[in-house]
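# Breakdown of the fold
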Amino acid sequence: MHKTMNRIKSMFLGGVVAISALAAPISVNTVPPSLTANAADTDDYARLLQYSLYFYDANMCGEINGKSAMSWRSNCHTSDEVKGGFHDAGDHAMFGLPQGYAASVLGCSYYEFKDAYVSSGQGDHLKVITDHFCDFFKRSTKLNGNSVSSFLYQKGDGNEDHGYWGAPEQQTGGRKMFWTSNSASDIAADYAAALAINYLNFGNAEDLKYAEALYNFSTQYNRCESNGPTGFYYTDNPTPQDEQAYAAGWLYLATKNEKYKSDCASKQTQYLGWCDGWDNRGLGAACVYSEITGDWSKVNSYLGSQCSGSNYLCMEDWGSARYNCSMQMSALIASKHSNADYTSWCKNQMNYILGQNQFNTCFVTGFSSNSAKNTHHRAASGYQGYEGAYGFHEGVKTYHPTNGKILIGALAGGPDKSGNYSDVIDDYKTNEVAIDYNAGLVGAAAGLYSVYKTGKTASSIEGVTKIYSGSSNPDPIVTTTTTKGNQPIVTTTTADPISGKDIVLTPDDMTVGTEKGDDGEVNNYAEFNPQGAKSATLYYKINSNDTNTSGAFGTWTGKWEQVDFTDISVPANKEVSVNYDIPSNVGSTVKAMIFWPHGNNVTIEKVVLHMGGTSVITTEPPRTTTTTTRTTTTTRRTTTTKSSPSPKDVILTPDDMTVGTEEGDDGEMNNYAEFNPQGAKSATLYYKVNSNDTNTSGAFGTWTGKWEQVDFSDISVPANKEVSVDYKIPSNVGSTVKAMVFWPHGNNVTIEKVVLHMEDTSSEITVSLYGDTDCDGKVYLNDAVLIMQAIGNPDAFGINGYEKTHITEQGKVNGDVANVGDELTNADALAIQKYLLHLINKLPES
């Protein structure tokens, strides 16, 4: 076996190499139609998607019992310092670039072609795989607050790992871990991209937290690592800009933070000359930026020069099929979003890979009777050791022994530029398999199935213990329109119209509950953040024999705007779906309400947000209504609308708000009141403390596209136990403000009212203790540190930072000790340090 894998980046970034100097990929002639390859297999895209995912079960590492679906795989490398991840290829080391690349491309395939996953039943399998990747990335990242202090960019020494041939379960001993605190920026960015995409696909907020932290780490140091992936193992170009551009694009889609959009634009590769690969993310970054801007001209200029003709696109001697599949995936994404159409070209290329070639070989293992059978893969080979009667002999063109395992869905390397290919274990250039190889195959399979809808998933596969399968051909969407008089009211669909750009919200992702309507009956509702979607579809089940259903969608846009739907026929399966076009001036919350049937006769199942505006409904003009509800206890945010705004103060009693208790991070019950700000400039919360506590604390928060929270702490409880706290309402406030009391808990607090000040009458905050930036009642070094954190990382530690220890308005006033009246600067932090060192006698510094 060849022990070197010199996969050097194929072009320099930023146009250093002129496009005319780039080596052009060659074409390998396709085989005539007289080949014996099964034509049905070449169109079986549902099964191709199903099979191609199982390769990741074969390469899964760590504690995988019950997770890997392969019968011949079990826990391995459990003494590694950081468990998890995926074996790189036919070996067992883990190199950061292909790990991050593969995870991000797999996630991208789901994001772009979700309809293919849903209709073929492969979505759950994909999630298992990408979650396993992302869990490993998070375990590999050490955070200090929300900053990366170090992260693991490689697991296992390549040379040592290649010295072992055998099953991973029998490879004992702890492997070398490669950590960094100031480099591997390209790998950190790839990890960030994968985590951001997984957040977009499945909504795990922790994934986004780590994604942003790793991206910040990457751009802070802008340095690639040479210790570990040296020379022979995934050597990248010294700049991480292409990976950063790719990550920034996905982070923009996840957060809508303009900073990421700007980074994605500024870090783009000037000239495209290679596919999206582990060594060059230029085309991938260009695709995600095109998706953001809608301008696909740069992408199509490159794809148009490559994705044409009937010959096999062979871009590289080593693993040509992986580059071909990656180009197919990019071309299918461009075909989906632009006027270009590369689908026939992709289909022709996949025909070649699936067996219509001069070798009469399907390069996807286990897929057809003529599939490659002797791929370069230790775990499946059946050999244990390089030498011996039953060992693998390096330099000998060895075939799998009878005790070898069937590798399902792995993409073999494919022919080199000279048209050579051998189905033997020792040919690692044309017959190895790898996680980056299969990523493009999965994406191309999903894209082709999304376009052609051909094939059928298998109900049993040799060596596979868990079958992921579903309907290979989804039911057609049946659309009905209900009218009122001559006016169309709403359009409903009886099939699931989920597209590649949709976000699925389950009840756990929303505020779902019941409330009394004007008729005294209990109505069901679901409240959700629209997240920039163009439209939404509500799905619910009728549990009664009612044949019609009705309800409404509403949002606060400065006034309550509501669109009703009435007399919707309940289909035979009792599953109802109703579409809603989200107004451009939507508030931070949309409320979906079901007026009939009532209570337990309805089960809300999900809301699908259509980010691309797939809804086709027509509605009556929205009409303004007023809804007043009160919830005594709830665990999620709700939205209600109250009395009309007035130039004078508006008093909200508990009956005018959502008042209740919820479990806090410490397990205790906290009181809260939610109210609509109604255009007020500020608000005052009034509550009574029913215990002997002498201090109280809490916070105000609102959703402005992100959760913005202002804490108040160590407020003295007066003798009459009546507490009032002021809150300056931000100009970009959402439709709901939440006032929370963290201390005291439960029955020890009674919320009495909130007063909305329609004019700016909020109280000015005065100094409680100079230098006490963290408001803990004393001055210490951490107060100086907090100032520097707030200045250096305002998203985390600023007034509206996401860290619990972020600076507050009170802390900002207390910390102004150098040039009083100015914004906080490092001079304020320095003054506190001088005070602590007794270099000055008092604060503020004179």
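You'll find the structure just up there.
Residues numbered from 1 in each chain as written. Predicted model: local features only at pLDDT ≥ 70, side-chain atom pairs only at ≥ 80, totals over all residues. Heavy atoms only, no water.

### Quick notes on the overall build of the chain
We apply this condition: Each helix is a run of H or I in the DSSP string that is no shorter than four residues. Each strand is a run of E no shorter than two, and both are numbered from the N terminus. Each residue gets one of three labels from its accessible area relative to the maximum for its type: buried under 20%, exposed over 50%, partly exposed in between, using a 1.4 Å probe on protein chains only. Contact between two residues is taken to exist if any of their heavy atoms lie within 4.5 Å; hydrogens are not considered. The method behind every accessible area is Shrake-Rupley, applied with a 1.4 Å probe, and residues are considered shielded solely by the protein chains displayed.
Along the backbone of the chain there are 21 helices and 27 strands. When the 846 residues of the chain are sorted by exposure, 57% land in the buried category. Long-range contacts, defined as pairs at least 24 residues apart, comprise 75% of the intrachain contacts of the chain with a sequence gap of at least 6. When the accessible surface of the chain is split by element, carbon and sulfur atoms take 48% of a total near 33200 Å².

### Considering unusual backbone geometry
Peptide bonds are trans in most cases, and residues, glycine excluded, mostly fall at negative phi. For the peptide bond that leads from W743 to P744, omega is -5°, which places it in the cis range. Turning to its location among the elements, P744 is positioned in the loop between strand 26 (737–743) and strand 27 (749–757). The linkage connecting L843 with the following residue, P844, adopts the cis geometry, with an omega of 0°. Inspection of the secondary structure puts P844 in the segment after helix 21 (826–836).

### A word on the sheet that holds strand 25 (residues 722–728)
Our working rule: By this definition, two strands are paired if DSSP reports at least two bridges between them. The axes used here are C-alpha line fits, helices contributing only the stretch in contact, and every angle between their N-to-C directions lies in the interval 0 to 180 degrees.
Pairing is antiparallel in the open sheet, where four strands are placed in the order 19-27-22-25. In this open sheet, the two strands that pair with only one neighbour each are strand 19 (650–652) and strand 25. Neighbouring strand axes in the sheet, compared pairwise and without regard to direction, differ in orientation by 20° on average.

### As for the side chain of H757
As a reminder, the rule being used: Any pair of nitrogen or oxygen atoms within 3.5 Å is treated as a polar contact; in protein, a donor-acceptor pairing is required on top of that, and neighbouring residues in sequence qualify only through side-chain atoms on both sides.
When you line up the elements, H757 lands in strand 27. Looking at H757, its side chain comes within polar contact range of the side chain of T684, at 2.7 Å. With near-sequence residues (within four places) excluded, H757 lies in contact with D649, A680, K681, S682, A683 and T684.

### Digging into a nonpolar patch on the surface
The condition that has to hold: Note on patches: the residues involved have over 30% relative accessible area and no salt bridge, like charges join within 9 Å, and the nonpolar side chains Val, Leu, Ile, Met, Phe, Trp and Tyr join within 5 Å. The salt bridge criterion pairs a side-chain nitrogen of Lys or Arg with a carboxyl oxygen of Asp or Glu, the two atoms within 4 Å.
Nonpolar side chains collect at one region of the surface, where Y780, L781, V785 and M788 lie side by side and expose about 370 Å² of accessible area between them. Along the polypeptide, V785 turns up in helix 18 (residues 781–792).

### Section: the packing of helix 10 (residues 258–266) against helix 11 (residues 282–293)
Heads up, the rule is: In this scheme, roughly parallel covers angles under 35 degrees and roughly antiparallel covers those over 145, while 65 to 115 is roughly perpendicular and the rest are oblique. Throughout, a crossing is termed right-handed when the near helix is turned clockwise from the far one, and left-handed when it is turned anticlockwise from it by less than a right angle. In this count, Pro and Cys sit with the nonpolar residues alongside Ala, Val, Leu, Ile, Met, Phe, Trp and Tyr, while Asp, Glu, Lys and Arg are called charged and the others, Gly among them, polar.
Contact pair helix 10 / helix 11: the axes reach a minimum separation of 10 Å and the direction vectors enclose 130°. With respect to their mutual orientation, helix 10 and helix 11 come out oblique. Crossing handedness for the pair helix 10 and helix 11: left-handed. Between helix 10 and helix 11, the residues in contact are K261, C264 and A265 and A285, V288, Y289 and I292, respectively. For the contact of helix 10 with helix 11, the class distribution of residues is six nonpolar, no polar and one charged.

### A word on the nonpolar core
For clarity, the threshold we go by: Remark: nonpolar core denotes a set of buried residues (Ala, Val, Leu, Ile, Met, Phe, Trp, Tyr, Cys) joined through side-chain atoms within 4.5 Å.
Ranked by internal contacts, the top residues of the largest apolar core, which has 141 residues, are Y56, F133, F151, W250, L303, M327 and M350. For this core, the leading source of residues is helix 7 (residues 185–202), giving eleven residues. If we skip the residues at most four places from it in the chain, M327 touches C275, L283, Y302, L303, Q306, C307, L313, M315 and W345.

### What about the packing of aromatic side chains?
Under the convention used in this document: Under the pairing criterion, centres of Phe, Tyr and Trp rings, with the six-membered ring standing for Trp, must be within 6.5 Å; the plane angle then separates stacked pairs below 30 degrees from edge-to-face pairs above 60, leaving the rest tilted. Comment: the charge-over-ring label is applied if NZ (Lys) or CZ (Arg) is within 6 Å of the ring centre and within 35 degrees of the ring normal.
The full count for this structure, using the stated rule, is 30 aromatic pairs. Where Y56 meets F86, the ring centres are 5.9 Å apart and the plane angle is 85°; that geometry is what we call edge-to-face. Pair noted here: Y56 is in helix 2 (residues 45–58) and F86 is in the loop between helix 2 and strand 2 (94–95), with a separation of 30 residues, a long-range link. Counting every residue linked through ring pairs, the aromatic cluster contains F55, Y56, F86, F133, F136, F137, F151, Y191, F217 and Y221. Above the plane of the ring of Y51 lies R47, whose end atom (NZ or CZ) is 5.0 Å from the centre. When the ring centre of Y539 is taken as origin, the NZ or CZ atom of K606, which lies over that ring, is 4.7 Å away.

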